[in-house]
Amino acid sequence: MRDTKLVASIREAIVQSGLKDGMTISFHHHLRNGDYVLNMVMEEIAALGIKDITINATAIFDVHAPLIDHIKNHVVTKLQTDYMAASVGGVISKGIMDTPVEFRTHGGRPNDIAEGRTPIDVAFIAAPISDPMGNCSGKYGKSACGSFGYPLLDAMYAKKVVVITDELVPYPLVDWSVSEVYVDYVVCVDAIGDPNGIVSGTTRITRDPVGLVMAAQAVKVVEYSGLFKDGFSFQTGAGGATLAGAKFLKDLMLEKGVQGSFVMGGITSYLVDMLQSGCFRTLLDGQCFDLKAIESIRTDPRHQEVSIYQYAAPDACSSIVDSLDVVFAGATEIDTDFNVNVHTDSNGSIMGGSGGHSDICAGAKMSVIITPMFRNRLPMIRDHVTCVSTPGKDIDVVVTQGGIAVNPKNVELKERLMAAGLPIVDIFELKEKAERMTGKPQPVPHGDRIVAEVISRNGGIQDHIYNVL
């Protein structure tokens, strides 16, 4: 029986874990753009001369730009992730890796870990608080990040688990999320990250009049969809227009006296406000997007932490996304077959990823995409998207400032919305409207080298991303 799992440094933990060339390590992104841990671990791995590492990370942010040098030096030779910010994605898009990036969904990643398709040799968990045996949580400490939904599966299935914390407390920690039974080593460092980096510019309500108009129309779609009644469930993305939609939905629920069963997410202060106002009975939280959400999950028992496996794994006995009624999500492009792109910009350069987009759209009874007809003089409605992130079969409604398009599969929904007097238009009409304002875009040139594979939530190859020229 070990009386402590404490080791003196990250380097010592790496050595004791037995990490060798060719192995796979994992990270989670609850500290988002404030994370220090991935960079600290990779610096030590490089210093130890270890090469040919696969990184399986729930997300890669701009703060992780030092990865580029590790890729060029062949310390890292493969990346598996659900999301990749532009600073790293733009370089990857130029073809610097010999092996394509594997993009999964938030549900597909833990599913593949649990099924043994993507085994992890060493999981590194950035823990805002831990005891010496590795019971740890994201709810407390100076670097608190809230829900700990992502590392739970990594801890359960990795061969070795290293907890890295900047707040060590006596055993046992009260109210842990990851249990000591999965943890091999604990390291205490000065700082695991900057909690202010949790909040990004995409987690605030838009002030753009066009975005506000679209959000208001999206709520009208919900109101007249037939799903808006006591007990309905809801999730929204963290983009400015979708968050505005959540705010307007709150107003409607209070006006009509409707109380929903649960709201799911990435939880923001806007969703916390809906809980506190009585709009929903509970919040189900896989990750917190701002500091008010962190405070809520720490103090309100109605705000429940859930694993991302429970959230969206397609092979689980059941998952939360399959109980969703309505979801709001965004898009960088959408085409006339209702396929959505959230992986690349319109020039084909990687700047995002599905995250939970594909999962919630597949599970919900009604998925609503809120997107403008054009951005920066580029039309968002295309003949074909640059990359299929979420297939059109899982999209129900597209809301733009030029009208609302309903997927032809949803005849009854279209009739309901038309009867309510909403501005329903054909998706081809939206495309033509956009092109009249912007001109018809030229095909995006790309090379013949695959830089990333987009893997569907069920495990098949959904699309390829090619190198930019």
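These lines cover the structure that appears in this document, whether it is placed above or below. (Residues numbered from 1 in each chain as written. Predicted model: local features only at pLDDT ≥ 70, side-chain atom pairs only at ≥ 80, totals over all residues. Heavy atoms only, no water.)

1. Side note on the overall build of the protein chain
Okay, so step 1: Counting secondary structure elements, the protein chain contains 14 helices and 25 strands.
Okay, so step 2: Radius of gyration (C-alpha) of the protein chain: 22 Å, near the 23 Å computed for a compact globule of 469 residues.
Okay, so step 3: Taking the principal axes of the C-alpha coordinates as reference, the protein chain spans close to 70 × 55 × 40 Å.
Okay, so step 4: Within the protein chain, the proportion of its 469 residues that are buried is 61%.
Okay, so step 5: In the protein chain, of all internal contacts separated by at least 6 residues, the share reaching a separation of at least 24 is 71%.
Okay, so step 6: Here the protein chain displays about 17,500 Å² of accessible surface, and carbon together with sulfur accounts for 51% of that area.
Okay, so step 7: Of the charged side chains in the protein chain, 41 are positive and 55 negative; the average position of the first set lies 3 Å away from that of the second. (Helix = DSSP H or I, 4+ residues; strand = E, 2+ residues; numbered from the N terminus. Rg over C-alpha atoms; globule rule 2.2 N^0.38 Å. Buried < 20%, exposed > 50% of the residue type's maximum accessible area, 1.4 Å probe, protein only. Contact = heavy atoms within 4.5 Å. Areas by Shrake-Rupley, 256 points an atom, 1.4 Å probe, with all protein chains shown as cover. Lys, Arg positive; Asp, Glu negative; His and termini not counted. Charge placed at Lys NZ, Arg CZ, Asp CG, Glu CD.)

2. With respect to helix α9 (residues 269-276)
Okay, so step 1: Most of α9 is tucked away: 6 of the 8 residues are buried.
Okay, so step 2: All buried positions along α9 are accounted for by S269, Y270, L271, V272, M274 and L275.
Okay, so step 3: The inward-facing, buried residues of α9 abut β11 (234-236), α8 (240-256), β12 (260-267), β13 (280-288), α10 (291-299) and β14 (303-305).

3. Description of a nonpolar patch on the surface
Okay, so step 1: On the surface, M156, Y157, V181 and Y182 cluster together into a nonpolar patch covering about 390 Å² of accessible area.
Okay, so step 2: Along the chain, Y182 turns up in the loop between β9 (160-165) and β10 (185-188).
Okay, so step 3: Residue Y182 is classed as partly exposed on the basis of its relative accessible area of 34%. (Patch = residues over 30% accessible without salt bridge, like charges linked within 9 Å, V, L, I, M, F, W, Y side chains within 5 Å. Salt bridge = Lys/Arg side-chain N within 4 Å of Asp/Glu carboxyl O.)

4. Notes on the side chain of E435
Okay, so step 1: Along the chain, E435 turns up in helix α14 (residues 427-438).
Okay, so step 2: Overall, the relative accessible area of 16% leaves E435 in the buried class.
Okay, so step 3: Contact partners of E435, with chain neighbours within four places excluded, come to K440 and P441.

5. Brief notes about the sheet that holds strand β16 (residues 333-335)
Okay, so step 1: Spatial ordering of the open sheet is given by β17-β16-β21, a layout of 3 strands whose pairing is mixed. For this open sheet the edge positions go to β17 (340-341) and β21 (381-382), each flanked by a neighbour on one side alone.
Okay, so step 2: Bridging between β16 and β21 involves 2 bridges; their strand directions are parallel. Following the sheet pairing, D335 is matched in β21 by R382. (Pairing = 2+ DSSP bridges.)

6. Concerning the sheet that holds β12
Okay, so step 1: Reading across the sheet, the 8 strands line up as β14-β13-β12-β11-β15-β18-β22-β23 and stay open at both edges, with mixed pairing between neighbours. If you trace the sheet from one side to the other, it starts and ends with β14 and β23 (403-406), each paired once. Sheet twist, expressed as the average angle between the axes of neighbouring strands with direction ignored, equals 20 degrees.
Okay, so step 2: Its contacts with the sheet put α8 on β11, β12, β13, β15 (326-329) and β18 (366-370), and the angle it makes with β11 is roughly 150 degrees. (Axes fitted to C-alpha atoms, helices over the stretch in contact; angles between N-to-C directions.)

7. What about the packing of aromatic side chains?
Okay, so step 1: Taken as a whole, this structure holds 5 aromatic pairs when the rule is applied.
Okay, so step 2: Consider the rings of F61 and Y83, whose centres lie 5.6 Å apart with planes at 40 degrees: the pair is tilted. Residue F61 is located in the loop between β3 (53-57) and α3 (67-72), and its partner Y83 is located in the loop between β4 (76-81) and α4 (86-92); the two are separated by 22 residues in the primary sequence.
Okay, so step 3: You can call F61 buried: its relative accessible area is 9%.
Okay, so step 4: Taken together, a centroid distance of 5.6 Å and an interplanar angle of 70 degrees make the contact between F228 and F232 edge-to-face.
Okay, so step 5: In this structure F228 comes out as buried when scored by relative accessible area, which is 14%.
Okay, so step 6: Looking at F232, the relative accessible area reads 1%, which means it is buried.
Okay, so step 7: By the ring-pair criterion, three or more aromatic residues cluster together here, those being F228, F232 and F280. (Phe/Tyr/Trp six-rings, centres within 6.5 Å; stacked < 30°, edge-to-face > 60°.)

8. Section: the environment of L417
Okay, so step 1: By secondary structure assignment, the location of L417 is in helix α13 (residues 411-419).
Okay, so step 2: Of the residues examined, L417 reaches a relative accessible area of 0% and is grouped as buried.
Okay, so step 3: Spatially, the C-alpha atom of L417 lies 6.9 Å from that of S225, the residues being 192 residues apart in sequence.
Okay, so step 4: Non-local contacts of L417, meaning those with residues more than four positions away in its chain, are made with V221, Y224, S225, V406, L422 and I424.

9. Some thoughts on the pattern of salt bridges
Okay, so step 1: Counted according to the given criterion, the structure contains 26 salt bridges.
Okay, so step 2: We note a salt bridge from R11 to E44, for which the minimum N-O separation is 2.8 Å. Taken together, the residues span a long stretch of sequence, with R11 in helix α1 (residues 10-17) and E44 in helix α2 (residues 37-47) at a distance of 33 residues.
Okay, so step 3: Ionic contacts of the salt-bridge type, sharing partners, join the residues K78, E102, R104, D112, R117 and D315 into one network.

10. Digging into the side chain of D82
Okay, so step 1: Among the structural elements, D82 can be located in the loop between β4 and α4.
Okay, so step 2: In contact with D82, not counting residues within four places along its chain, are A57, T58, F103, R104, T105, H106, R109, G353, S354 and G355.

11. Some details on unusual backbone geometry
Okay, so step 1: The linkage connecting Y171 with the following residue, P172, adopts the cis geometry, with an omega of -5 degrees.
Okay, so step 2: Its place among the elements puts P172 in the loop between β9 and β10.
Okay, so step 3: Even without a glycine there, the phi angle at D175 is positive, about 65 degrees.

12. Brief notes about the pairing of strand β25 (residues 461-468)
Okay, so step 1: Pairing analysis gives 6 bridges linking strand β24 (residues 446-455) to β25, with the strands arranged antiparallel. Counted as the bridge partner of I455 is I461 from β25.

13. Description of the packing of helix α7 (residues 209-223) against α8
Okay, so step 1: At a minimum axis separation of 8 Å, α7 and α8 run at an interaxial angle of 45 degrees. Considering their axes alone, α7 and α8 lie oblique with respect to each other. Crossing angle aside, the handedness with which α7 passes α8 is right-handed. The residues of α8 that touch α7, namely those facing G211, L212, A215, A216, V219, V222 and E223, are A241, A244, G245, F248, L249, L252 and K256.
Okay, so step 2: Residues of the contact of α7 with α8, tallied by class, amount to 10 nonpolar, 2 polar and 2 charged. (Parallel < 35°, antiparallel > 145°, perpendicular 65-115°, else oblique. Left-handed = near helix turned anticlockwise from the far one by under 90°. Nonpolar A, V, L, I, M, F, W, Y, C, P; charged D, E, K, R; others polar.)

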